[in-house]
Amino acid sequence: MPKRRVLFLCNANSARSLMGEVLLRHMAGDRFESFSAGTEPDEHHALTLEALRKQGLSTEGLHSKSLDAFENEPFDYVIVLCDKAQQACREWQGNVGEKLFWDIRDPRLINKPDAYQQALQEIRRRLQLWLPLQASE
C-alpha cells in the first residue's frame, strides 16, 4: 500500500508547519510521506530546530519551502496550521484530497520561553488524535 502524502501549511514555514512535518515523519513515517510549506516562506526559526532537537527529533535537511513548489504534486491531506494560510489555501489549486484546519498559535508571536515547546506539544496532541482515525481507512 503506498504511503499517503501530507502537506503541513502555515504562513512562513518557519515553525509550526516544520514541526508538523518532522512529527508526522517520526510518529508514522511508515504510513505517511510528510512535507511542509509556507504561503510566504521565511527562514526556519532557530528556536524551532532547538525545540525539535530537545525532543530527540531529527532536523536534518529541514528548510522552509514555498507552497508554489508543491503546486503540481498530489496530497491526500493538507493540514493548515494558521488562519492566514487558510485564506491562501482556499485559492490554491493544488491536487488535494482533504484539507484540515488546525489553528495553532504562532510561537514567534508569544513572548514566553517555552512557546515553541508548547506549539510542538499541541501539534503532537492533534496528531495523536488524528492518526488512529487514519488506521481505519
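Our subject in this report is the structure included herewith. For every chain, the first residue of the written sequence is number 1, and numbering continues from 1 onward in sequence order. pLDDT decides what is reported in this predicted model: residues at 70 or higher carry local features, side-chain atom pairs at 80 or more are listed and counted, and totals for whole chains, interfaces and linings draw on all residues regardless. Only hydrogens and water are set aside; all other atoms, that is, all heavy atoms of the structure, feed into the side-chain values.

The next point concerns the sheet that holds strand S3 (residues 74-80). In this description, strands pair whenever DSSP reports at least two bridges between them. In this description a helix means any DSSP run of H or I spanning at least four residues, a strand means any run of E spanning at least two, and both kinds are numbered starting from the N terminus. Across the sheet, four strands lie side by side as S2-S1-S3-S4; this open sheet has parallel pairing. Of all strands in the sheet, those with a lone pairing partner are strand S2 (32-38) and strand S4 (95-101), marking the two edges. Pairs of neighbouring strands in the sheet enclose a mean axial angle of 25°, with direction left out of account. Strand direction decides the pairing type here: S3 and S4, joined by six bridges, are parallel. Note on S4: the bridge partner recorded for isoleucine 79 is leucine 100. An axis is simply a line fitted to the C-alpha atoms; with a helix, the fit covers only the stretch in contact. Between two such axes, the angle follows the N-to-C directions and lies from 0 to 180 degrees.

Time to look at the nonpolar core. To qualify as a nonpolar core, a set must consist of buried Ala, Val, Leu, Ile, Met, Phe, Trp, Tyr and Cys residues joined through side-chain atoms within 4.5 Å. Think of it in three bands: residues with accessible area under 20% of the maximum for their type are buried, residues over 50% are exposed, and the middle band is partly exposed, with areas taken using a 1.4 Å probe on protein chains only. Within the largest apolar cluster, 30 residues are counted, with the highest numbers of intra-cluster contacts made by Val6, Leu24, Ile79, Leu81, Leu127 and Trp130. Counting residues per element, the ones that place at least two in this core are strand S1 (4-10), helix H1 (16-28), helix H2 (46-54), S3 and helix H4 (115-134). Dropping the residues within four chain positions of it, leucine 127 is found in contact with Phe8, Gly20, Leu23, Leu24, Met27, Trp102 and Pro132. The next biggest cluster of nonpolar side chains, apart from the first, holds nine residues, and it includes Leu9, Leu67, Phe70 and Phe75. Contacts are assigned to residue pairs that have any heavy atoms within 4.5 Å of one another.

Backbone phi values are negative for most residues with the exception of glycine, while trans is the configuration of most peptide bonds. The phi dihedral of asparagine 13 is positive, around 55°, even though this residue is not glycine. Relative to the helices and strands, asparagine 13 resides in the loop between S1 and H1.

Close contact between H1 and H4 brings their axes to 10 Å; oriented N to C, the two are set at 45°. Taken together, the axes of H1 and H4 lie oblique to each other. Note that H1 runs across H4; the crossing there is right-handed. Between H1 and H4, the residues in contact are Arg16, Met19, Gly20, Leu23, Leu24, Met27 and Ala28 and Tyr116, Ala119, Leu120, Ile123, Arg124, Leu127, Gln128 and Leu131, respectively. As a working rule, the residues Ala, Val, Leu, Ile, Met, Phe, Trp, Tyr, Cys and Pro are called nonpolar, Asp, Glu, Lys and Arg charged, and the rest polar, with Gly in that last group. Looking at side-chain class alone, the contact of H1 with H4 contains 11 nonpolar, two polar and two charged residues. Each angle receives one of four descriptions, namely roughly parallel if under 35 degrees, roughly antiparallel if over 145, roughly perpendicular if within 65 to 115, and oblique otherwise. Put simply, a crossing is left-handed when the front helix is turned counterclockwise from the back one by less than a right angle, and right-handed when it is turned clockwise.

Bringing H2 into the picture now. For H2, every residue scored as buried is listed here: Thr48, Leu49, Ala51 and Leu52. Taken down its axis, H2 places every buried residue within 160° of arc, on the same side. Relative to its buried face, H2 has exposed residues pointing more than 90 degrees away, namely Ala46, Arg53 and Lys54. Taken together, the buried residues of H2 touch H1 and H4. Starting at the helix axis, one direction is taken to each C-beta atom, and the arc is that of these directions.

Mapped onto the secondary structure, leucine 81 falls in the loop between S3 and helix H3 (83-91). With relative accessibility at 0%, the residue leucine 81 sits in the buried group. C-alpha of leucine 81 to C-alpha of isoleucine 123: the two residues are 42 residues apart in sequence and 9.0 Å apart in space. Those residues in contact with leucine 81 that lie beyond four places of it in its chain are Phe8, Leu9, Cys10, Arg16, Ser17, Trp102, Asp103, Ile104 and Ile123.

Functional significance is not addressed by these values, which are geometric in nature.
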